[in-house]
Every structure is written in C-alpha cells, then in structure tokens.
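Fold and geometry: a report
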Amino acid sequence: MQIKTRFAPSPTGYLHIGSVRTALYSWLFARSQGGKFVLRIEDTDLERSTQPAIEAIINSMNWLNLDWDEGPYFQTTRFNRYNIVIENMLSNGNAYRCYCSKERINSLRKKQIAQLKKPRYDGHCRNRNRHYISKNPYVVRFRNPQEGSIIFNDLIHGPIEFKNQELDDLVIRRADGSPTYNFCAAIDDHDMKITHVIRGNDHINNTPRQINILKSLDAPIPSYAHLSIILGNDGKKLSKRHDVGSIIQYRDDGFLPEALLNYLVRLGWSHGNQEIFNLEQMKNMFNLKSVSKSNSTFNVEKLLWLNQYYIKHLPTEDIATRLLWYVKKQEINIFNGPKLTDILTLLSGRCRTLKELATSCHYFYEDFNEFDVNSANKYLCSTAIESLNMIRKILASLNEWTPASIHEAIKKTSKELHMNINQIGMPLRVAVIGTDRSPSLNLTIHAIGRSRSLARIDKALAFIATTIHAHSQKH
Ligand code: GLU
C-alpha cells in the first residue's frame, strides 16, 4: 500500500507552532514510510480565508524544507466535484434538503440548551419526501445513521467510540451553495487516496462524521492519528496570548529551521533520550507509536538552546550565509569589516539567534557616536588615561596584527603600569566597542582592525578629557 498523508491547513490566520508540528509529523510519517505527502489548502470559508495566509503557509513550508509531492490543492477549485457528489447523495437518499429557517434552528438550539441538552438538529426535514423541492433556500444535510456506533482505532489514542445517536445530520452544503469542512475533507481524503490522516486532536469529534460520509460512499476509511495539544507554560492551550507568533515571525526573529523542526519533533515524540535530530535522523526514526498521548508544553528557552546549538554546530560558512540576510536587514555594511565567519567564531557562544548575532555585531562594522553611559562612567575616567595612551602606542607599533600580539600588548601594558589585566582591559574594551561587554578582548580588537581601534581609543581619550573638563568647571 502506498502510504499517503496530507497537511490541510485553513488559510484563515497565520501558520503557528501547533500547525507546523502537525505538518511535520504528517510529512515525517510519509517520508519515513517511503510514502507521499500532499499539501491541501482548505479555503472553503470564503469570508475568513485570505491570500496572505495562503502565501504564509507556502512560504513557511518552503522555509522549513517540508516539501510536498502533490498540491497545493485548493478546495475552492473543487466545488464542481463536491457538487457532483452532493447531487448523487441527494438522489440516493444519503443526503436531503433542509428548509428549516435560521429562526427555527436558533429557537431549537435555545430550547435544547435550556433543557441542558446538547444542541443538535432534530431531523425535521429528514423524512420529507425525497422529491419535495421548494423555492425556499435550503441547506443540504447528510443523513447520518441513527443507530450503532463508529469505532476507530486512533493510532495515538487507541480505540475511540462515538454513538451515532450523538451525531446529528450535518450540513454538508450551506444555503449559499458552499460545501462545509467535514464533507470536503472526507471527499478530498478519498479522492486524494489519503491513507493516514494525522491532525490535531481538536478534530477527534469530526472523525466519526467523516467516517460516516466515507462509508456512505463505500470509500475506504483511512487510519487516523490525532495529536495532543501544545500548552503554554500557564497550562492553557498555546495561542497568540503566549506571544508565539507565526512561523515566519520565528524566521524573522533569527531562528533556524533545523532548530525549530528539531524542537517540534521532540514536542510530543521521543526516541530514547536523544535530543538532537537532523532531518535525516528524524526521517529514519520517526514513528507514530512513540508519539505521546499527553499534551506537551511549549518552552521557548529550550527552543533558544537548540537554536544556539545549531548556530554553533552547522557549518560556519552556511550559518554565515544565512546571517547575511539579518545583517542586511539591519542595514549593516559588512564590506569594510571582518568576515561573517569570524563574527560567528566570536559571537556564537553569546547569541542564541541570528537576529541577536546581527544586532551584536554592529560595532565591528560601524563606528558608534556614544559610549554606553554606565560603562563610560565606570571605566572612562582619569585613571584610564595613562593605560589607554600606552596601549594605543604599543598597538600602533605592533609589527604583526594578530590576536596573540594584541594579547601581548595588553599584558605588557599591565606589567609596565603595575596594573592588573582587568584594569587595562575594561577601559580599553569600553573605548573600542562602546560598552563593557564583549567576547574575548584581543579577538575583538583584532577583528575590528588596527586603524579603527586606534581611532576609537583616541575618541575615548577625548571623551575623558571633555568629562574631566566639564567636571572641573562645575566645581
Ligand atoms: N483545515 C483544518 C484545520 O486547519 C484541518 C483539517 C484536517 O486536517 O482534517 O484545522
């Protein structure tokens, strides 16, 4: 049997973490079984579906490298097909026209709620003569079996049973002629020969309805696997409230697709205690048996940890190429400064995202106008004049500009002035980078370059002179 799965998002909002995990598990299952993966855009909700949301789905899938073998199919281009099936169902009695007005349905609903009953259609039009046709608007309802039950063996949760009595006669086509989700999904899964439906467990209640529709068509029933939900750290279902934006936002914030996929694959699936999985390993190891039944909790710290892991462990050239995008976005001109691969060597231990890397590397390429106030107050004071002058002189006269020679220069200054390395290093650091935090000083100064470093030391000395002057004027 050719395994075939699908990812079937509705383009009614952005693609978020939960949907992407569903896409990933469906994709991995297909790939791990040598099967096919279909992308289907469920855009029948004409009011809420938008073109930007469709583009976001496609862009996100592309960015994550989740490729599809068929599609994207759009349900809005399949209305003819749905109507053919609906007409057949009307003529063989598996569906019927329902002329109940909105008012009737609303008051039925209110009554049922008042009686503490589950609101459901009461079958008012179910037994009308099949050939009865009126000019009034109507919806088409599926004639759901009234007896027996539907049991399906969920591949994650085990057997799940629904009594047919609990299911009412579902609207499969609205009065405006548009077909509804459960119907289209069932027809598509059948037409597209989907063997495994892997989706969020918010769809468990839809499954018996879809199975009944498939049964009425004598269509094979696919296997179903419903994924547990992802919770925020407050224990509530993950949503916009938790500040987790769209997948494209993660890209813009400097996350690597490798890290995001690795994070998501572990959010509800495990392979022993292994934490790090590249795509090949995921494809080889993924199975539905090891998908957890319990809900999982989204943990951004762990995602950041993984992101930094991949920044450090993927080939530096590759990360540098990707970093270029963020650097350009921040309008940093890198052509008169160190190579991005050198920046990575210096900063990848300190930054967890590519965006943070880009934000942290400005001082390698651009001169700054102001020193950080706290750092300057602490370190750019009269006691630093002598050491800054001396280190400037030594740096200016170095034969070789290497991290080792710069290190020696700092050591020499400290020895000559009987000051410890820190007393030399901190004012020097503030002078060349503007703040008191940077990676190892000799590497940083080396990467910034000689003339730029010397000019910045001069600027710091001028700054100290001005502040001393201003101070003496005050007193
Ligand atoms: N379109 C549905 C959604 O976005 C998914 C339906 C399905 O996977 O069956 O929730």
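No experiment lies behind these values; they were computed from the predicted model shown. (Residues numbered from 1 in each chain as written. Predicted model: local features only at pLDDT ≥ 70, side-chain atom pairs only at ≥ 80, totals over all residues. Heavy atoms only, no water.)

For the rest of this paragraph, the subject is the packing of aromatic side chains. Applying the stated criterion to the full structure yields 16 aromatic pairs. Ring geometry for Tyr82 versus Phe183: centroids 6.2 Å apart, planes at 70°, classification edge-to-face. Pair noted here: Tyr82 is in helix H3 (residues 79–92) and Phe183 is in helix H5 (residues 181–191), with a separation of 101 residues, a long-range link. With respect to burial, Tyr82 and Phe183 carry one shared label: buried. Look at Tyr99 and Tyr138: their rings are 5.4 Å apart centre to centre, the planes differ by 55°, and that puts the pair in the tilted class. You can see Tyr99 sitting in the loop between strand E4 (95–98) and helix H4 (102–114) and its partner Tyr138 sitting in the loop between H4 and strand E5 (139–142), a full 39 residues away along the chain. Tyr138 gets classed as partly exposed once you look at its relative accessible area, which sits at 24%. Each residue in the set Tyr25, Trp269, Phe277 and Phe286 is aromatic and connected to the rest through ring pairs, giving one cluster. (Phe/Tyr/Trp six-rings, centres within 6.5 Å; stacked < 30°, edge-to-face > 60°. Helix = DSSP H or I, 4+ residues; strand = E, 2+ residues; numbered from the N terminus. Buried < 20%, exposed > 50% of the residue type's maximum accessible area, 1.4 Å probe, protein only.)

An order of E4-E5-E8 is seen for the three strands of this open sheet, with the pairing classed as antiparallel. Each edge of the open sheet is held by one strand with a lone partner, namely E4 and strand E8 (171–173). Each strand axis lies, on average, 45° off the axis of its neighbour in the sheet, ignoring direction. Here E4 pairs with E5 via four bridges, running antiparallel. Its bridge partner lying in E5, Ala95 is registered against Phe142. (Pairing = 2+ DSSP bridges. Axes fitted to C-alpha atoms, helices over the stretch in contact; angles between N-to-C directions.)

Mapped onto the elements of the fold, Thr413 is located in helix H17 (residues 403–417). Sequence-distant contacts of Thr413, defined by excluding residues within four places in its chain, comprise Ser387, Met390, Ile391, Ile394 and Ile424. (Contact = heavy atoms within 4.5 Å.)

Put simply, the largest pocket is a space of about 1100 Å³. A per-element tally of the lining of the largest pocket places helix H1 (residues 17–32) first, with four residues. Computed from the structure, the second largest pocket encloses a volume of approximately 380 Å³. Contributing to the lining of the second largest pocket are 16 residues, with Cys100, Ser101, Lys102, Val139 and Ala175 lying nearest its centre. Elements with a minimum of two residues in the lining of the second largest pocket: H4 and E5. Looking at the lining of the second largest pocket element by element, the count peaks at three residues for H4. Within the lining of the second largest pocket, the residues separate by chemical class into nine nonpolar, three polar and four charged. (1 Å grid on protein atoms, 1.4 Å probe; cavity = no way out; pocket = protein on both sides within 12 Å on 5 of 7 lines; lining within 4 Å. Points joined across faces, edges and corners; volume = space filled by probe spheres on them. Nonpolar A, V, L, I, M, F, W, Y, C, P; charged D, E, K, R; others polar.)

For the rest of this paragraph, the subject is the packing of helix H18 (residues 421–433) against helix H20 (residues 450–474). Contact pair H18 / H20: the axes reach a minimum separation of 8 Å and the direction vectors enclose 105°. With respect to H20, the element H18 is oriented roughly perpendicular. Residues Leu428, Ala431 and Val432 of H18 touch H20, and the partners they reach there are Ser453, Arg456, Ile457 and Ala460. Classifying every residue of the contact of H18 with H20 by side-chain character gives five nonpolar, one polar and one charged. (Parallel < 35°, antiparallel > 145°, perpendicular 65-115°, else oblique.)

Here helix H11 (residues 316–329) crosses helix H12 (residues 340–347) at 100°, and the two axes come no closer than 9 Å. Classified by the angle between their axes, H11 and H12 sit roughly perpendicular to one another. Taken together, the residues of H12 that come into contact with H11 (itself represented by Thr316, Glu317, Ile319, Ala320, Leu323, Leu324 and Val327) are Leu340, Thr341 and Leu344. Considered class by class, the residues forming the contact of H11 with H12 number seven nonpolar, two polar and one charged.

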